[in-house]
Amino acid sequence: MLPVVAIVGRPNTGKSTLFNRLIGKRYAIESNIPGTTRDRIYQRLTLRDFTIMLVDTGGLSFETKSEIEGNVHMQTKIAISEADVVLFVTDARQELTADDFEAANMLRKAKKPTVLIANKCDHVKIEEKSFNLYELGFGEPLPISAIQGIGVEHVEANIAKELARQKFQCGKPLAPSKSIKIAFVGRPNVGKSSLVNAIVDENRTLVSDTPGTTRDATNIEVEYNGSAFTLIDTAGVRRTGKVGKGLEYFSVLRSLQSVEECDTAVLILDYESGVARQDLRVAHYILESFKGLILVVNKCDLMEKRDEEENQLISSLKKKFVFIPWTPVIFASALTKQNIFKIFDLAVEIYAERKKMIDPKDFRILVKKLQYENVPMGPSRKKLKIHSALQKGVNPPHFVFSVNDKDSIHFSFRRYVERRIRETYGFTGTGIRLEFVNKK
């Protein structure tokens, strides 16, 4: 097990900024609005020869006003219970609040090794505030500015010192993850977080009837049948005209970035509300990213006549998603866990399809057949000639065709070529990239 380092504190002290600074990239959403982070966000990294799991948490607010705030509080308590080291972040520019003292009491009761951090010291002399911070009972605070990167090396040194004291072994530098990345995407409130929680069998992400509960993309590493997976729970994607400024905009942007990072995207559809235009837009985005794709119809425990309704839905999905006939469909229920683990089996199959290389000789034979079966004519009545073709790469499968006039190629011919490739070689469940270039 990797040592766990949790970042905690009251809202708006710069926890996510410090998290991003330590991992070296902008991963968690940063905002001046208190309560931006809600779920526990995990990221593996190598720090001073230790490979650790760093956890960002929501702000600890002890005057709970809503169900979501209560769930954020619970998520933070779980992160503290898992942690081997806690980074307690305070705002050096402000006087200590009741939430700071309540958080300190919680950490003392948890009896976890704690590093007290005075953040936002870029324009504040720590001496002016340090006498207050000593009242928290965690010794001398570390003055830093997470946004400027000032003093972060001292945070890293303190983490390494504490892990060495606990006799954690220094690990090898972090190797690239070999897990299959699965992103759960879709409209708000279709059950993405509920499905992820059902798979991992714990409340790792917040679940609420309030649309927009999830803001960050949350990575969860799991194993199933000997294979490693990274599940990515994302924020709901509404159509562009309804996306507000600020937090929602960045949440949607992070969701789309998760599609770019994943191997297979699971598009969640709601059995009750059916297929909306936004579902088709998200599917198009996944297709344009050449990713693997699985359609999951959630809340199927509400079906009364299972076989009959499934057949009707399959017929309807074929018509609405006519541009992705190669996509598998799963009828699932996060509530009863019905068919949810089929997602893993399909993800493994799709990953193998994305890695598949075609024999060059066989592919050349197929291309010759294509040229004789369907020869498109350009605007100048010039016949298309395919001089050569090859598979350039995998993940996604990438095919390059050298032709005499790429401008003469109609989109219908592209679809025809893709259909014939799929009929011959499979590639079920994954987008494939076709590239036509003029012969030099």
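Residues numbered from 1 in each chain as written. Predicted model: local features only at pLDDT ≥ 70, side-chain atom pairs only at ≥ 80, totals over all residues. Heavy atoms only, no water.

Things to note about the sheet that holds strand S4 (residues 85-91)
Sheet strands associate in pairs through backbone hydrogen bonding, adopting either a parallel or an antiparallel arrangement.
Moving on, step 1. The strand order S2-S3-S1-S4-S5-S6 describes an open sheet built from six strands, whose pairing is mixed. With partners counted over all chains shown, the strands left at the sheet margins are strand S2 (41-47) and strand S6 (142-143), one partner each.
Moving on, step 2. Strand direction decides the pairing type here: strand S5 (residues 114-119) and S6, joined by two bridges, are parallel. Bridging across to S6, Ala118 finds its partner in Pro143. (Pairing = 2+ DSSP bridges. Helix = DSSP H or I, 4+ residues; strand = E, 2+ residues; numbered from the N terminus.)

Points about the packing of aromatic side chains
Moving on, step 1. Applying the stated criterion across every chain, the model contains 12 aromatic pairs.
Moving on, step 2. Relative to Phe344, the ring of Tyr224 has its centre 4.8 Å away and its plane inclined at 25 degrees; by these criteria the two rings are stacked. Here Tyr224, found in strand S8 (residues 218-224), pairs with Phe344, found in helix H10 (residues 342-354); they are 120 residues apart in sequence, far enough to count as distant.
Moving on, step 3. A residue is classified by how much of its surface remains accessible, and Tyr224, at 22% relative accessible area, is partly exposed. (Phe/Tyr/Trp six-rings, centres within 6.5 Å; stacked < 30°, edge-to-face > 60°. Buried < 20%, exposed > 50% of the residue type's maximum accessible area, 1.4 Å probe, protein only.)

Structural notes on the confidence of the model for the protein
Moving on, step 1. The share of residues in the protein with pLDDT of 70 or more is 80%, and the mean pLDDT across the chain is 81.
Moving on, step 2. In this model, residues 205-216 is a region of pLDDT below 50 whose contacts with residues beyond four sequence positions or in other chains number 53 contacts. (pLDDT = per-residue confidence, 0-100. Contact = heavy atoms within 4.5 Å.)

A short note on the pattern of salt bridges
A side chain of one charge can pair with a side chain of the opposite charge when the charged atoms of the two come close.
Moving on, step 1. In this structure the tally under the stated criterion is 13 salt bridges.
Moving on, step 2. Residue Glu156 is joined to Arg48 by a salt bridge in which the shortest nitrogen-to-oxygen separation is 3.7 Å. With Glu156 in helix H5 (residues 152-165) and Arg48 in the loop between S2 and strand S3 (50-56), the pair connects residues that are 108 residues apart, well separated along the chain. (Salt bridge = Lys/Arg side-chain N within 4 Å of Asp/Glu carboxyl O.)

Notes on the packing of helix H11 (residues 360-373) against helix H12 (residues 411-425)
Moving on, step 1. Remark: H11 packs on H12, axes separated minimally by 11 Å, with the N-to-C direction vectors making an angle of 140 degrees. Our classification of the angle between H11 and H12 gives oblique. Helix-helix and strand crossings are classified by hand; for H11 and H12 the assignment is right-handed. In contact with Asp362, Phe363, Leu366, Leu370 and Glu373 of H11, H12 contributes Tyr416, Val417, Arg420, Ile421, Thr424 and Tyr425.
Moving on, step 2. Along the lines of polarity and charge, the residues of the contact of H11 with H12 split into seven nonpolar, one polar and three charged. (Axes fitted to C-alpha atoms, helices over the stretch in contact; angles between N-to-C directions. Parallel < 35°, antiparallel > 145°, perpendicular 65-115°, else oblique. Left-handed = near helix turned anticlockwise from the far one by under 90°. Nonpolar A, V, L, I, M, F, W, Y, C, P; charged D, E, K, R; others polar.)

Concerning unusual backbone geometry
Peptide bonds are, in most cases, trans, and in most cases residues other than glycine have a negative phi.
Moving on, step 1. At the junction of Asn395 and Pro396, the peptide bond is cis and its omega measures out at 10 degrees in the coordinates.
Moving on, step 2. Note that Pro396 resides in the loop between strand S13 (386-393) and strand S14 (398-403).
Moving on, step 3. Positioned with a positive phi, Asp49 is a non-glycine residue whose angle comes to about 75 degrees.
Moving on, step 4. Within the fold, Asp49 resides in the loop between S2 and S3.

Description of the environment of Ile314
Moving on, step 1. Among the structural elements, Ile314 can be located in helix H9 (residues 306-320).
Moving on, step 2. The sequence separation of Ile314 and Ile330 amounts to 16 residues, and the corresponding C-alpha distance is 9.9 Å.

Considerations on the sheet that holds S13
Moving on, step 1. Pairing within the open sheet is mixed, and its three strands lie in the order S13-S14-S15. Looking along the sheet, the strands with just one partner apiece sit at the ends: S13 and strand S15 (433-438). Recorded for the sheet is a direction-independent mean angle of 20 degrees between the axes of neighbouring strands.
Moving on, step 2. The pairing of S14 with S15 spans six bridges and is classified as parallel. Across the sheet, the residue bridging to His398 is Arg433, located in S15.
Moving on, step 3. With respect to the sheet, H11 is in contact with S13 and S14, its orientation differing from that of S13 by roughly 135 degrees.
Moving on, step 4. Its contacts with the sheet place H12 against S13, S14 and S15, and it is angled at close to 125 degrees to S15.

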